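Residues per chain, in single letters:
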Amino acid sequence: MIKYWTKRFSSSILTENVELEDELKEIQKEIKSHINKKFAGSLAIRMVDSGSCNACEAECNALSNPYYDLERFGIYFVASPRHADVMLLSGLMTFNMQPHVLDAYEQLPNPKWVISMGDCPVMKAPFEKTYAITAPAKQHLPIAYHINGCPPTPLEIIKGILEFLRKFASNS
């Protein structure tokens with residue numbers, strides 16, 4: 001036991017990733033700049049699952065942990081589409097969820113943007129088109145930006161939101 005603690009105290013913190021921290025700081029500066037200019041200081045996101053395996057949702061949950069802490073960027077997940085600036089869509093567009101997704105989209109205040117994430121909304125997932133699947137999502141919603149991955153990592157989601165903000169800034 002003494003060997004373990006001697007080794008533990010003599011080594012540095014092993015869970016820290018200095019390169020990632022530096023990258024997140026740079027991303028944070030740029031995201032905050034875009035959000036302050038275009039969204040009055042905060043960006044509200046409504047996460048909508050249109051029939052997924054919940055892997056994308058698990059990665060979005062990781063965005064709230066102390067390591068990524070999305071709220072320090074000024075980005076918040078909200079419970080109602082009426083309070084959201086952007087809809088974040090994951091999962092296949094299934095027959096049963098399609099009316100609910102469209103209802104959530106209609107409740108978004110204008111202007112409306114949809115960011116899709118994961119391979120499911122663009123039909124890259126290993127599912128066949130059947131009566132229960134009405135994907136791809138772009139047939140039903142105007143997708144402003146897509147974040148690739150199955151599932152995308154929290155860092156990829158943050159970078160995807162940044163790319164959306166860059167695209168949004170260049171179109172304005």
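Residues numbered from 1 in each chain as written. Predicted model: local features only at pLDDT ≥ 70, side-chain atom pairs only at ≥ 80, totals over all residues. Heavy atoms only, no water.

Once that is clear, we can look at the state of the cysteines. In the structure shown here, the tally under the stated rule is zero disulfides. Cys-53 carries a free sulfur, and the closest cysteine sulfur to it, the one in Cys-120, is 6.0 Å from it. There is no disulfide at Cys-120, and the cysteine sulfur nearest it, in Cys-150, is 5.7 Å away. (Disulfide = S-S within 2.5 Å.)

With that out of the way, let us pick up the pairing of strand 1 (residues 43-49). Taken across its seven residues, strand 1 has five buried, putting it largely inside the fold. The pairing of strand 1 with strand 2 (residues 75-77) spans three bridges and is classified as parallel. Across the sheet, residue Ala-44 finds its bridge partner in strand 2, namely Tyr-76. This β-α-β element, strand 1 to helix 3 (residues 55-62) to strand 2, shows right-handed connectivity. As defined by bridge partners, strand 1 adjoins strand 3 (residues 86-90) across five bridges and the pair is classed as parallel. (Buried < 20%, exposed > 50% of the residue type's maximum accessible area, 1.4 Å probe, protein only. Helix = DSSP H or I, 4+ residues; strand = E, 2+ residues; numbered from the N terminus. Pairing = 2+ DSSP bridges. Right-handed = clockwise from strand over helix to strand, strands pointing away.)

Put simply, Asn-110 and Pro-111 share a cis peptide bond, and its omega is -10°. Positive phi values are uncommon outside glycine, yet Asn-54 reaches one of about 75°. With respect to the element layout, Asn-54 can be found in the loop between strand 1 and helix 3. Looking at Asn-54, the relative accessible area reads 43%, which means it is partly exposed.

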